[in-house]
Amino acid sequence: MKVKCLIIGSGPAGYTAAIYASRANLSPVLIEGPQLGGQLTTTTEVENFPGYPDGIDPFTMMDDMRRQAERFGTQFVSGIVTKVDFSVSPKKVIVEDEQEYEADAVIIATGASAKYLGLESERTYRGRGVSACATCDGFFYRKKTVAVVGGGDTACEEANYLAGLCEKVYLIVRKPYLRASEIMQQRVLNNPKIEVLFEHNTLQLTGEGKVQGADLIYRKGEADEAIRHIAIDGFFLAIGHHPNTELFKDYIARDAEGFILVEGNSTRTNVPGVFAAGDCADPYYRQAVVAAGSGAKAAIEADKYIKSL
Ligand code: NDP
């Protein structure tokens, strides 16, 4: 099937690109990918997206965006992109190894995935005390006790942010030192609300229907190895994110961590006619509203590109 504009991803970037592209008469096709609605749907409530003064549950918000794109003619395809060929024009995109699309312009909006520890209890309590975004979910833990896992800048930043809201914050660090920049380390170490648990790893989360505690192991395998239980209401992962960009690596320039490189302030990649929007190209902000903004930019740029053909 030949299309003018093909969008890969159904998060805020993908849906916003679809709204703009369909209103520009590009009749876009949007491939939804493995997680309909994107990363946002792993959170419980969205309170920082403008336009929802009372907050909104992420499924409703993403469904609203989807319906808005549908209203202007976006066609949705459920499935995962399994292969692309960006060496040809029009570009080839293959869904589920069988449906082949040819597109004048492609907008990559595949997002990023937070890294998790891989514990079974993490999955059990996801959205019920387990979060990978303090900015999104911290507010629900006001005056409560939470733990943050990680020793990098993100973990320190999140611990500090949460300390502004919560009664107490544990920072669980697997090494005997923090990896974060000196200034972030000092902020954490000087914050009386933060207790840093060096050389601790999480064994499991516990609780009745929601997170109420965590079992930790101190200096595993050493003579002074010890198990410790902490009572917590929230468990925040801050051990990094993977951009979902592996599929494009043979064609699209990426940085060392896999984030797609774009030209200046644009969404243009190194391949003319291929644009990147949202978290797959954003190692810094990782916010729905920023992703939505870049989706709009990508659609405007794709429209200009198509008109220039
Ligand atoms: P980093 O990769 O810097 O840090 C990840 C942290 O998570 C490390 O402490 C690592 O431990 C720990 N970790 C990884 N896997 C596990 C695991 N399985 N169990 C327990 N701990 C684990 O990621 P960040 O997201 O913190 O930062 C990414 C980049 O963004 C960095 O370059 C950072 O400097 C930058 N950044 C800058 C900010 C700023 O300047 N304001 C804010 C946020 C990020 P270990 O040290 O043992 O490997």
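Criteria and thresholds
- Residues numbered from 1 in each chain as written.
- Predicted model: local features only at pLDDT ≥ 70, side-chain atom pairs only at ≥ 80, totals over all residues.
- Heavy atoms only, no water.
- Core = buried A, V, L, I, M, F, W, Y, C linked by side-chain atoms within 4.5 Å.
- Buried < 20%, exposed > 50% of the residue type's maximum accessible area, 1.4 Å probe, protein only.
- Helix = DSSP H or I, 4+ residues; strand = E, 2+ residues; numbered from the N terminus.
- Contact = heavy atoms within 4.5 Å.
- Pairing = 2+ DSSP bridges.
- Axes fitted to C-alpha atoms, helices over the stretch in contact; angles between N-to-C directions.
- Disulfide = S-S within 2.5 Å.
- Phe/Tyr/Trp six-rings, centres within 6.5 Å; stacked < 30°, edge-to-face > 60°.
- Domains from an automatic or database assignment.
- Buried area = accessible area lost by both parts, 1.4 Å probe.
- Salt bridge = Lys/Arg side-chain N within 4 Å of Asp/Glu carboxyl O.
- Polar contact = N/O pair within 3.5 Å; in protein donor to acceptor, adjacent residues only side chain to side chain.
- Nonpolar A, V, L, I, M, F, W, Y, C, P; charged D, E, K, R; others polar.
- Near = heavy atom within 4 Å.
- Areas by Shrake-Rupley, 256 points an atom, 1.4 Å probe, with all protein chains shown as cover.

A.B. asks: Where do I start with the nonpolar core in this structure?
C.D. replies: Note on soluble globular proteins: their nonpolar side chains tend to be buried together. Residues Cys 5, Ile 7, Phe 49, Met 61, Ile 107 and Phe 275 are the most contacted members of the largest nonpolar core, which totals 32 residues. Elements that contribute at least two residues to this core include exactly strand E1 (2-8), helix H1 (12-23), helix H2 (58-71), strand E6 (99-108) and helix H7 (288-308). Of all the elements, H7 adds the most residues to this core, at 8 residues. The next biggest cluster of nonpolar side chains, apart from the first, holds 23 residues, and it includes Val 3, Ile 8, Val 93 and Tyr 101.

A.B. asks: Mind showing me how you'd approach the side chain of Thr 145 here?
C.D. replies: Of note, Thr 145 is situated in strand E9 (residues 145-149). Discounting residues that sit within four places of it in the chain, Thr 145 has contacts with Glu 167, Lys 168, Tyr 170, Ala 231, Ile 232, Asp 233 and Gly 234.

A.B. asks: Honestly, the sheet that holds strand E13 (residues 213-218) in this entry has me stumped. Any pointers?
C.D. replies: What links the strands of a sheet is backbone hydrogen bonding, and the strands pair in either a parallel or an antiparallel sense. Pairing within the open sheet is antiparallel, and its 3 strands lie in the order E12-E13-E14. Every other strand in the sheet has two partners, leaving strand E12 (200-206) and strand E14 (226-231) as the edge strands with one partner each. Strand-to-strand twist across the sheet, computed as the mean angle between neighbouring axes with direction ignored, equals 25°. Pairing analysis gives 6 bridges linking E12 to E13, with the strands arranged antiparallel. When the bridges of E13 are listed, Thr 202 appears paired with Leu 216.

A.B. asks: In this structure, what is going on with the state of the cysteines? I would like to understand it.
C.D. replies: A covalent bond bridging the sulfur atoms of two cysteines is what the word disulfide describes. Across all of its chains, the model carries 1 disulfide by this definition. A sulfur-sulfur distance of 2.1 Å marks the disulfide that ties Cys 133 to Cys 136. On the sign convention where negative means left-handed, the S-S torsion of about 75° between Cys 133 and Cys 136 marks this disulfide as right-handed. By relative accessible area, which is 22% here, Cys 136 ends up partly exposed. The thiol of Cys 156 is not disulfide-bonded; the next cysteine sulfur, from Cys 166, is found 16 Å away.

A.B. asks: Looking at this model, I keep getting lost on the packing of aromatic side chains. Mind explaining?
C.D. replies: Given two aromatic rings, their pairing is described by the distance between the two centres and the angle made by the two planes. The tally for this structure, following the rule as stated, stands at 7 aromatic pairs. Judged by centre distance (6.1 Å) and plane angle (80°), the rings of Tyr 15 and Phe 76 are edge-to-face. Residue Tyr 15 is found in helix H1, and its partner Phe 76 is found in strand E3 (residues 75-77); the two are separated by 61 residues along the sequence. A single burial state applies to Tyr 15 and to Phe 76, both of which are buried. Through pairs of rings, three or more aromatic residues link up here, namely Phe 86, Phe 248 and Tyr 251.

A.B. asks: Is there a simple way to think about the domain arrangement of the protein chain in this case?
C.D. replies: Note on interface size: it is often stated as the accessible area lost on association of the parts. Its domain assignment divides the protein chain into domain 1 (2-113 + 241-308) and domain 2 (116-237). Here domain 1 and domain 2 have C-alpha centroids that lie 32 Å from each other. Counting from both sides, the interface comprises 9 residues of domain 1 and, opposite them, 8 residues of domain 2. Taking both sides of the interface into account, the surface hidden between domain 1 and domain 2 amounts to around 740 Å²; carbon and sulfur atoms contribute 46%. Our count for the contact surface shared by domain 1 and domain 2 stands at 0 salt bridges. The interface formed by domain 1 and domain 2 holds 0 residue pairs in polar contact (both at pLDDT 80 or more) in total. Taken together, the residues of the side of domain 1 that touches domain 2 break down into no nonpolar, 6 polar and 3 charged.

A.B. asks: Looking at this structure, how should I read the sheet that holds E9?
C.D. replies: Read from one edge to the other, the open sheet built from 5 strands follows the order E8-E15-E9-E10-E11, with strand pairing classed as parallel. Looking at strand neighbours, the two that pair on one side only are strand E8 (130-131) and strand E11 (194-198), the edges of this open sheet. Note that E9 and strand E15 (residues 234-237) share 4 bridges and pair parallel. Note that in E15 the partner of Val 148 across the bridge is Phe 236.

A.B. asks: I tried to follow the site of the ligand on my own but got confused; where do I start?
C.D. replies: By nearness alone, every residue bordering the ligand is listed as Leu 117, Gly 150, Gly 151, Gly 152, Asp 153, Thr 154, Glu 157, Arg 174, Lys 175, Arg 179, Ile 239 and Gly 240. Between Gly 151 and the ligand, the recorded distance is 2.8 Å, taken from a backbone N or O atom to an oxygen atom. The side chain of Asp 153 places a nitrogen or oxygen atom 2.6 Å from an oxygen atom of the ligand. Burial of the ligand by the surrounding chains reaches 66%, relative to a free accessible area of 910 Å². For the shell around the ligand, the per-class residue count stands at 2 nonpolar, 5 polar and 5 charged.

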